[in-house]
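Tertiary structure, described
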Amino acid sequence: MTKLWKKYILWFAQEHVDFRVAEFESIVKLFGLQFRNLSEHRQKPFWLVEFPNDETAHQYASRSIALRSIIELYSHAHTFPEFHKQLQNHVHLHQGALKEFFKANSFKVTVETYNKHFSQREKVEKIETMDYLPIEGAVNLKNPQVEWWYLEFWGLDPTAVPAEPEDILFGRMLVHGQRHLIKQLSLKQRKFIGNTSMDAQLSLLMANQALVRDGDLVFDPFVGTGSLLVSAAKFGGYVLGADIDFMMVHARCRPSRITQKVRDKDESIRANLQQYGCANRYMDVLVADFSNPLWHRRITFDSIITDRGSVWNT
């Protein structure tokens with residue numbers, strides 16, 4: 001069975017890198033996914049892994065915020081001659097399975113280089129070195145049926161770029177991660193925010209680490225303006241919060257936006273969840289001191305998530 005496993009490139013954004021491994025391990029645990037590591041350096045934007053099938057890759061991508069995309073790997077090498085040799089061998093050995101992609105009606109090839117800039121002409125020259133690929137169809141840069149990606153990694157240090165790329169990779173774009181949620185939940189457009197509101201990307205990463213799934217009961221004991229509740233609700237959790245700050249919980253504190261002098265009457269944590277279509281996931285927020293016992297012993301939370309340094313999954 002393991003012989004049927006496929007190799008993939010996990011292409012990550014170079015933001016909040018310290019959360020990357022924790023989020024990956026959390027999503028794997030959440031869905032019970034099988035995988036094998038093929039590379040050890042976790043600071044690189046390109047990871048090589050094996051999954052049993054495309055469905056597993058899609059499942060991982062369906063929750064990951066750190067992930068840009070998953071690319072099915074066709075070739076990976078540290079030198080150009082070895083790269084082209086591996087790519088040609090892969091195409092020859094898998095020509096039957098790859099036929100539908102090479103014969104697609106439209107395609108585009110994208111060149112992505114990390115830590116070194118190349119002109120458009122230089123990128124085209126890189127593409128032309130792979131003219132042995134049996135790609136048919138028309139070039140369509142806006143809406144191609146198949147996307148091919150050529151990647152080069154030139155180290156992490158912009159002050160010490162190597163003479164040759166450390167990694168050269170090629171493959172077919174399979175699926176994108178969930179980074180669109182970062183813009184969708186951006187604080188810039190959010191109804192109710194404060195000076196300490198956590199940015200959308202961090203709150204989404206923390207919700208993944210808390211293993212929030214559809215139907216979970218999630219509690220934030222230091223809720224503030226409810227950023228973590230928004231992310232947990234977006235992943236299907238029913239959310240509840242508490243905070244000792246009465247003015248913050250009731251949205252009566254001073255506005256944090258420079259252009260705003262007085263808070264709108266309809267500002268609230270509930271309004272934030274309504275804004276993102278999650279009003280049915282809102283339970284309540286309470287004014288409470290976390291150091292004093294509040295909940296009946298029969299109440300059980302699936303996750304306790306907070307920006308005060310901890311995440312608990314029960």
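So, a few notes on the structure that sits alongside this text. Nothing here was measured: the structure is a model prediction, and the numbers come from that model. For every chain, the first residue of the written sequence is number 1, and numbering continues from 1 onward in sequence order. Owing to the predicted nature of the model, reporting of local features is limited to residues with pLDDT of at least 70; listing and counting of side-chain atom pairs is limited to 80 or more, with chain, interface and lining totals taken over all residues. For side-chain calculations, the full set of non-hydrogen atoms in the structure is used, while hydrogens and water are omitted.

1. Here's the deal with the pairing of strand β1 (residues 6-12)
Residue burial is assigned from relative accessible area. The probe radius is 1.4 Å, only protein chains are included, and a residue is buried under 20% of its type maximum, exposed over 50%, and partly exposed in between. By the criteria applied, helices consist of DSSP H or I runs no shorter than four residues and strands consist of E runs no shorter than two, each listed in order from the N terminus. Of all seven residues making up β1, five are buried, and the element is well covered by its neighbours. The pairing of β1 with strand β3 (residues 46-51) spans six bridges and is classified as antiparallel. Pairing of Y8 across the sheet is with V49, part of β3. A pair of strands is treated as paired once DSSP finds two or more bridges between them. In terms of strand pairing, β1 meets strand β4 (residues 67-77) through five bridges, oriented antiparallel. Counterpart to F12 in the pairing with β4 is L67.

2. A word on the layout of surface pockets
Points on a 1 Å grid over protein atoms alone make up a cavity when a 1.4 Å probe fits among them but cannot get out, and a pocket when they form an open set with protein on both sides within 12 Å along at least five of seven lines; lining residues each have an atom within 4 Å of a point. Grid points are joined across faces, edges and corners, and a volume is the space filled by probe spheres set on the points. In this structure, the largest pocket spans a volume of roughly 410 Å³. Surrounding the largest pocket, 17 residues form its lining, K7, L73, Y74, H90 and H94 being those nearest its centre. Listing elements by their share of the lining of the largest pocket, those giving two or more residues are β1, β4, α3 (80-93) and α4 (95-102). For the lining of the largest pocket, a count of residues per class yields seven nonpolar, six polar and four charged. Classification convention: Asp, Glu, Lys, Arg as charged; Ala, Val, Leu, Ile, Met, Phe, Trp, Tyr, Cys, Pro as nonpolar; all other residues, Gly among them, as polar.

3. Re the packing of aromatic side chains
Think of it this way: a Phe, Tyr or Trp ring, Trp meaning its six-membered ring, pairs with another when their centres are within 6.5 Å, and the plane angle makes it stacked under 30 degrees, edge-to-face over 60, tilted otherwise. Throughout the structure, instances matching the rule amount to 19 aromatic pairs. With centroids separated by 6.1 Å and ring planes inclined at 45°, the aromatic side chains of W11 and F46 adopt a geometry described as tilted. Here W11 is found in strand β1, whereas its partner F46 is found in strand β3, with 35 residues between them in sequence. By relative accessible area, which is 10% here, W11 ends up buried. On the accessibility criterion, F46 (6% relative accessible area) is buried. What links up through ring pairs into an aromatic cluster is the set Y8, F12, F24, F35, W47, F51 and Y60. As a reminder, the over-ring test applies to NZ of lysine and CZ of arginine, requiring each to be within 6 Å of the ring centre and within 35 degrees of the ring normal. Its end group placed over the ring of W154, K116 keeps NZ or CZ at 4.1 Å from the ring centre. Over the face of the ring belonging to Y238 we find R281, whose NZ or CZ atom lies 4.5 Å from the ring centre.

4. Considering the pattern of salt bridges
We count a salt bridge whenever a side-chain nitrogen from Lys or Arg sits within 4 Å of a carboxyl oxygen from Asp or Glu. Taken as a whole, this structure holds twelve salt bridges when the rule is applied. As a salt-bridge pair, K103 and E136 come within 2.9 Å of each other at their nearest N and O atoms. Here K103 is found in the loop between α4 and β5 (106-114), whereas its partner E136 is found in the loop between α5 (120-128) and β6 (138-139), with 33 residues between them in sequence. Residue classification places K103 among the partly exposed residues on the basis of a relative accessible area of 41%. With relative accessibility at 40%, the residue E136 sits in the partly exposed group.

5. Considerations on the packing of α3 against α4
To obtain each axis, a line is fitted to C-alpha atoms, and for helices this fit is confined to the stretch in contact; angles are then taken between N-to-C directions over 0 to 180 degrees. Contact geometry of α3 with α4 gives a least axis separation of 6 Å together with a crossing angle of 100°. In terms of their interaxial angle, α3 and α4 are classed as roughly perpendicular. Contact residues: α3 offers H90, V91, H92 and L93, while α4 offers Q95, L98 and F102. Residue composition of the contact of α3 with α4, grouped by class: four nonpolar, three polar and no charged. In these notes the angle categories are as follows: under 35 degrees is roughly parallel, over 145 is roughly antiparallel, 65 to 115 is roughly perpendicular, and the rest is oblique. Between two residues, a contact is recorded if the distance between any of their heavy atoms is within 4.5 Å.

6. A closer look at the side chain of H90
With respect to the secondary-structure elements, H90 resides in helix α3. A residue is classified by how much of its surface remains accessible, and H90, at 15% relative accessible area, is buried. Setting aside its immediate chain neighbours within four residues, H90 contacts L73, Y74 and L98.

7. Description of the sheet that holds β3
In spatial order, the strands read β2-β3-β1-β4-β8-β7-β5-β6; together these eight strands make up an open sheet with mixed pairing. Only two strands of the sheet have a single partner each, and these edge strands are β2 (36-37) and β6. This element, helix α2 (residues 54-61), spans β1, β3, β4 and β8 (167-176) of the sheet and lies at about 80° to β8.

8. Structural notes on the packing of helix α1 (residues 20-31) against helix α7 (residues 200-209)
Two elements in contact, α1 and α7, have axes whose closest approach is 8 Å; the angle formed by their N-to-C orientations is 45°. Classed by the angle they form, the pair α1 and α7 counts as oblique. With respect to the hand of their crossing, α1 and α7 are arranged in left-handed fashion. Touching A22, E23, S26 and I27 of α1 are L205, N208 and Q209, all from α7. Classifying every residue of the contact of α1 with α7 gives three nonpolar, three polar and one charged. By convention, the crossing between two helices is left-handed when the near helix turns anticlockwise from the far helix through less than a right angle, and right-handed when the turn is clockwise.

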